[in-house]
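# Observations on the model geometry
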Amino acid sequence: MFKSILAMAACALVLSSASAHGAQTQSPILIKFAHVVAETTPKGQGALLFKRLVEERLGGQVKVEVYPNSSLYGDADELQALRNGEVQLLAPSLAKFEKYTKQLQIFDLPFLFDDLDAVNRFQKRAKGRQLLRAMEDHDIVGLAYWHNGMKQLSASKALLMPGDAAGLSFRIQPSSVLEAQFQQLHASAQVLPFAEVFDALKNAKVQGAENPWSNIYSKQLHSVQPFITETNHGVLDYMLVSNPRFWYAIPHRIRSELEGIIDEVTYEVNRQAEAANQADRQRIEASGRSRLITLDEQQREAWRQAMRPVWQQFEVQIGSDVLKAAQTVNRKQRN
Ligand code: LMR
């Protein structure tokens, strides 16, 4: 507590002196940007692009330090560190905000979004944009959505039909929706930080996991998962977040410039994410370490039917309005 008060006081001091005396002559505003993935992934690339553009346009006024691969904070402590003012930017997966808002659980519902384009439409519309502000009471403000991609199911055995997953234990992010999703398959779920996934799979602490291709490839998860089923059953996207007490204390001119940079970076991350995932899919296939299983229409429909009851379970806490808005974004409408 004392540590966090000190951190906030220090940050307020930097910001107020920057605005009072002109940022040029003061020490720069420091933005520590921590994340848990590799630098080659969509989020890793986005963080580096943000740093580069800030250096080019606000050099001397704002300094960005990027900490990838859970090197500064990991899943267990990064949001608390943001709230305490110890780190200024994060981009956690949307599944990791459950403690602060139930509404973002919309993104974890299985088979809700057909593809990333549908996710994109939802994020751009009114309900999606409202969710960026859903955690301000907890000192978390959303600045943008960044894509990673659709999740695939990896396992120690071939998963063709939902029944094949019964009895296995899957690593999940800290999300009750994801836990319920695996319960529907008569499988169990274990919450583990991303940094521990490789070892947990290698040592058979869990037998399966779900992630987009970029996370699987960059962490070499395919080398310890002999089968990956191309389910595209859910999305793994991010919210770029800051602490509103930090963010809104940045002098207006500098903050506007930063927001412009974030818009550009967001555009780039989201434009390239799908291609990056497909390239990693190819690399995984070419490695021959894991067999890729594609599903035919009937098999995919069976997975959809098996997981679909999760929607009803969470509709009340997510909000029917949010669910309805999300259901309108697919090109092909279903019940
Ligand atoms: C995971 O924990 O699997 C992901 O959220 C990691 C990430 O940030 O992409």
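Residues numbered from 1 in each chain as written. Predicted model: local features only at pLDDT ≥ 70, side-chain atom pairs only at ≥ 80, totals over all residues. Heavy atoms only, no water.

## Some thoughts on the overall build of the chain
Short version of the rule: What counts as a helix is a DSSP run of H or I of at least four residues, what counts as a strand is a run of E of at least two, and both are numbered from the N terminus. As a reference, a globule follows 2.2 Å times the number of residues to the power 0.38, and the radius of gyration itself is taken over C-alpha atoms. Relative accessibility decides the category of a residue: with a 1.4 Å probe and only protein chains considered, values under 20% of the type maximum give buried, values over 50% give exposed, and everything between is partly exposed.
When you go through the chain residue by residue, the secondary structure sums to 13 helices and 11 strands. Its C-alpha radius of gyration of 20 Å places the chain within 12% of the 20 Å reference for a compact globule of 335 residues. Counting only C-alpha atoms, the chain reaches 65 × 40 × 35 Å along its principal axes. Taking all 335 residues of the chain together, the buried fraction comes to 55%.

## Let's talk about the site of the ligand
The line we're drawing: We call a residue near a given molecule or strand whenever any one of its heavy atoms falls within 4 Å of it. Polar contacts, as used here, are pairs of N or O atoms within 3.5 Å; protein pairs need one atom able to donate a hydrogen and one able to accept it. Residues neighboring in sequence count only if both atoms are side-chain atoms. Surface exposure here means Shrake-Rupley accessible area, sampled with a 1.4 Å probe, where a residue is shielded only by the protein chains that are shown. Of the grid points, spaced at 1 Å and generated over the protein atoms alone, those admitting a 1.4 Å probe that cannot get out make up cavities, while open sets with protein on both sides within 12 Å along at least five of seven lines make up pockets; any residue with an atom within 4 Å of a point is treated as lining. A cavity or pocket is said to hold a molecule if more than half of that molecule's atoms lie within 2 Å of its grid points. Under the grouping applied here, Gly and all other residues not named as nonpolar or charged are polar, the nonpolar ones being Ala, Val, Leu, Ile, Met, Phe, Trp, Tyr, Cys and Pro and the charged ones Asp, Glu, Lys and Arg.
Around the ligand sit 13 residues, and of these Lys43, Lys96, Arg171, Gln173 and Tyr238 come closest. The side chain of Arg171 places a nitrogen or oxygen atom 2.7 Å from an oxygen atom of the ligand. Taken by itself the ligand offers 270 Å² of open surface, and the protein chains cover 100% of this. When atoms are counted within 2 Å of each cavity's grid points, the one that captures over half of the ligand is the second largest cavity. Considering only residue class, the shell around the ligand consists of five nonpolar, four polar and four charged.

## Considerations on the packing of helix H12 (residues 309-318) against helix H13 (residues 320-327)
The test is simple: Lines fitted to C-alpha atoms define the axes here, with helix axes fitted over just the stretch in contact, and angles between the N-to-C directions of these axes take values from 0 to 180 degrees. By definition in this entry, angles of less than 35 degrees are roughly parallel, angles greater than 145 are roughly antiparallel, angles of 65 to 115 are roughly perpendicular, and the rest are oblique. In this analysis, two residues are considered to be in contact whenever any of their non-hydrogen atoms come within 4.5 Å of each other.
Where H12 contacts H13, the axes come no closer than 6 Å and their chain directions differ by 120 degrees. The angle between H12 and H13 falls in the class oblique. Residues Trp311, Glu315 and Ile318 of H12 form the contact with H13, whose own contacting residues are Ser320, Val322, Leu323 and Gln327. Along the lines of polarity and charge, the residues of the contact of H12 with H13 split into four nonpolar, two polar and one charged.

## Some remarks on the environment of Thr328
Along the polypeptide, Thr328 turns up in the segment after H13. A C-alpha to C-alpha distance of 8.4 Å links Thr328 and Phe122, two positions 206 residues apart in sequence. In terms of polar contacts, Thr328 uses its side chain to reach the side chain of Arg125, at 3.4 Å.

## Looking at the packing of aromatic side chains
To be explicit about the condition: To pair, rings of Phe, Tyr and Trp, with the six-membered ring standing in for Trp, must have centres within 6.5 Å; the planes then decide the type, stacked if under 30 degrees apart, edge-to-face if over 60, and tilted in the middle.
Evaluation of the coordinates by the stated rule reveals seven aromatic pairs. Between the aromatic rings of Phe107 and Phe122, the centroid separation amounts to 5.6 Å while the plane-to-plane angle is 65 degrees, which identifies the pairing as edge-to-face. Of this pair, Phe107 sits in the loop between strand S3 (89-90) and helix H4 (116-124) while Phe122 sits in helix H4, and the two are 15 residues apart along the sequence. The two residues Phe107 and Phe122 agree in class, both being buried.

## Observations concerning the confidence of the model for the chain
The condition that has to hold: A score from 0 to 100, pLDDT tells how confident the predictor is in each residue.
Put simply, the chain has an average pLDDT of 93, and 92% of its residues get 70 or more. Counted against residues more than four places away or in other chains, residues 1-14, with its pLDDT under 50, gives 13 contacts. In this model residues 16-24 is a low-confidence stretch, pLDDT under 50, and it forms 11 contacts with partners more than four residues away in sequence or in other chains.

## Topic: helix H6 (residues 176-184)
Of the positions making up H6, those classed as buried are Val177, Leu178, Ala180, Gln181 and Phe182. Those residues of H6 that are buried lie in contact with strand S5 (152-155), strand S6 (169-172), strand S7 (188-191), strand S8 (208-211), helix H11 (297-307) and H12. N-capping of H6 is provided by Ser175, with a side-chain oxygen placed 3.3 Å from the backbone N of Val177. Immediately beyond the C-terminal end of H6, within one or two residues, lies His186, with a positive phi of roughly 60 degrees.

## Quick look at empty space enclosed by the protein
Put simply, the rule reads: Grid points are joined across faces, edges and corners, and a volume is the space filled by probe spheres set on the points.
Under the criterion given, the structure shown has two cavities of 30 Å³ or more. Taken as a whole, the second largest cavity holds about 70 Å³ of empty space. Together, Val36, Val37, Lys43, Ser93, Lys96, Arg171, Gln173, Phe194, Asn211, Asn215, Leu236 and Tyr238 line the second largest cavity. Of the residues assigned to the lining of the second largest cavity, the class counts are five nonpolar, four polar and three charged.

## Some points on the pattern of salt bridges
Using the following cut-off: Any carboxyl oxygen of Asp or Glu within 4 Å of a side-chain nitrogen of Lys or Arg constitutes a salt bridge here.
For the coordinates displayed, the defined rule picks out 14 salt bridges. With its nearest N and O atoms 2.8 Å apart, the salt bridge here joins Glu264 to Arg57. Taken together, the positions of Glu264 in helix H10 (residues 252-287) and Arg57 in helix H2 (residues 42-58) put the pair 207 residues apart, joining distant regions of the chain. Taking the shortest distance from any N to any O, the salt bridge between Glu285 and Arg281 comes out at 3.3 Å. Of this pair, Glu285 and Arg281 both sit in helix H10, four residues apart, which is roughly one turn of that helix. Within this structure, Glu230, Arg281 and Glu285 form a network of salt bridges that share partners.

## Focus on H13
This is how it is decided: By definition, the arc is the one covered by directions from the helix axis to the C-beta atoms.
Buried within H13 we find Val322, Leu323, Ala325 and Ala326. One face of H13 carries all of its buried residues, which in axial projection span an arc of 160 degrees. Turning to H13, the residues buried within the fold contact H4, helix H5 (126-130) and H12.

## Quick notes on the layout of surface pockets
A water-sized probe, rolled over the atoms, reveals where empty space remains. When its volume is computed, the largest pocket comes out at roughly 370 Å³. Lining the largest pocket are 17 residues, with Asn120, Lys124, Tyr145, Thr266 and Asn270 sitting closest to its centre. Put simply, the parts of the chain that give the lining of the largest pocket at least two residues each are H4, strand S4 (141-150) and H10. When residues of the lining of the largest pocket are assigned to their parent elements, the largest contribution, six residues, is made by H10. Residue classes in the lining of the largest pocket are distributed as six nonpolar, five polar and six charged. By volume, the second largest pocket amounts to about 290 Å³. Lining of the second largest pocket is provided by 14 residues; of these, Asp75, Ala76, Lys96, Lys99 and Pro174 occupy positions nearest its centre. The biggest single contributor to the lining of the second largest pocket is helix H3 (residues 78-83), with three residues.

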